[in-house]
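Letter by letter, the chains look like this.
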Amino acid sequence: MSDALDASLRLVRAQTALVKRFDARLGGLHGVSLADFTMLLRLGQAPGGRMRRVDLAEALGLTASGVTRGLAPLERIGLVTREADARDARVAYAALTDTGRARLTDMLVTAEETAAEIFAAPPWSKEDTGRLSALLTRLGGTGLPGRTPSHDRSGGA
């Protein structure tokens, strides 16, 4: 097996383990999945807490229909609302509700705690975590929600 395939498969296994861990914590404490949290986080980082659905899809690497399916349960539980564009009826926005904004704040604490546990020393040093973040940014091109290479604390791109 090539080093590239081995690295790719190890990355997929690591991603699966991370998703399971975040899903368990976020689901148990807040009733949302990591995918839900990521969507809410991206909306929370957007100006006014709202984005065009098509822009949200692009930012998350999803299809427009994938975003619509992901937002539906968040709308049902009152965390997100759909807003129409006053100038163009074809454009729809996803916007955090006040409840969504408050719940996101709590979810962010849980996500930060979970990430801190995952990357606790030992075996992870701050430098290891920064280097991994930089490498993943280079691999994925855009990094994590809300992060751009120019804002990467590790100094990598």
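From a predicted model like this one, the values you see are computed outputs, not experimental measurements.

Student: Tell me about the overall build of the protein chain, and please be specific about residues and values.
Tutor: Of regular secondary structure, the protein chain possesses 6 helices and 3 strands. Helices and strands in the protein chain line up, N terminus first, as α-α-β-α-α-β-β-α-α. Taking all 157 residues of the protein chain together, the buried fraction comes to 28%. In the protein chain, the share of contacts with a sequence separation of at least 24, taken over all contacts with a separation of at least 6, comes to 49%. If you sum the accessible surface of the protein chain, you get close to 9900 Å²; carbon and sulfur atoms cover 58% of it.

Student: Describe the packing of aromatic side chains, and please don't skip the residues or the numbers.
Tutor: Scanning all chains against the criterion turns up 1 aromatic pair. Where F119 meets W124, the ring centres are 4.9 Å apart and the plane angle is 80 degrees; that geometry is what we call edge-to-face. The class for F119 is partly exposed, based on a relative accessible area of 27%. For W124, a relative accessible area of 30% gives the class partly exposed. Lying across the ring of Y93, R50 places its NZ or CZ 3.7 Å from the centre.

Student: Can you break down the side chain of R53 residue by residue, with the values?
Tutor: Inspection of the secondary structure puts R53 in helix α3 (residues 53-60). Within the structure, R53 has its side chain in polar contact with the side chain of E75 (distance 2.3 Å).

Student: So what's going on with helix α6 (residues 126-140)? Which residues, and what values?
Tutor: Over its 15 residues, α6 extends 21 Å from the first C-alpha to the last, a length consistent with the 21 Å expected when each residue adds 1.5 Å. For α6, the complete set of buried residues consists of G130, A134 and T137. Seen end-on, α6 carries its buried residues on one side only, within an arc spanning 60 degrees. Turned more than 90 degrees away from the buried face of α6, the exposed residues are L139 and G140.

Student: Give me the environment of T81: which residues, what numbers.
Tutor: With respect to the element layout, T81 can be found in strand β2 (residues 80-84). Given a relative accessible area of 31%, T81 falls into the partly exposed group. Sequence separation between T81 and A95 is 14 residues, and the spatial gap between their C-alpha atoms is 5.3 Å. Dropping the residues within four chain positions of it, T81 is found in contact with Y93, A94, A95 and T97.

Student: Break down helix α2 (residues 34-45) for me, with residues and values.
Tutor: Over its 12 residues, α2 runs 16 Å from end to end, which matches the ideal 16 Å to within 8%, given 1.5 Å per residue. All of the buried residues in α2 are L34, D36, F37, M39, L40, L41, R42 and L43. The N-terminus of α2 is capped by S33, whose side-chain oxygen sits 3.3 Å from the backbone nitrogen of A35.

Student: Can you tell me about a nonpolar patch on the surface, naming the residues and giving the values?
Tutor: A cluster of nonpolar residues, M1, L5 and L9, forms a patch on the protein surface that exposes about 320 Å² of accessible area. As for its placement among the helices and strands, L9 is situated in helix α1 (residues 3-30).

About the thresholds
- Residues numbered from 1 in each chain as written.
- Predicted model: local features only at pLDDT ≥ 70, side-chain atom pairs only at ≥ 80, totals over all residues.
- Heavy atoms only, no water.
- Helix = DSSP H or I, 4+ residues; strand = E, 2+ residues; numbered from the N terminus.
- Buried < 20%, exposed > 50% of the residue type's maximum accessible area, 1.4 Å probe, protein only.
- Contact = heavy atoms within 4.5 Å.
- Areas by Shrake-Rupley, 256 points an atom, 1.4 Å probe, with all protein chains shown as cover.
- Phe/Tyr/Trp six-rings, centres within 6.5 Å; stacked < 30°, edge-to-face > 60°.
- Lys NZ or Arg CZ within 6 Å of the ring centre and 35° of its normal.
- Polar contact = N/O pair within 3.5 Å; in protein donor to acceptor, adjacent residues only side chain to side chain.
- Expected span 1.5 Å × (residues − 1).
- Arc of directions from axis to C-beta.
- Patch = residues over 30% accessible without salt bridge, like charges linked within 9 Å, V, L, I, M, F, W, Y side chains within 5 Å.
- Salt bridge = Lys/Arg side-chain N within 4 Å of Asp/Glu carboxyl O.

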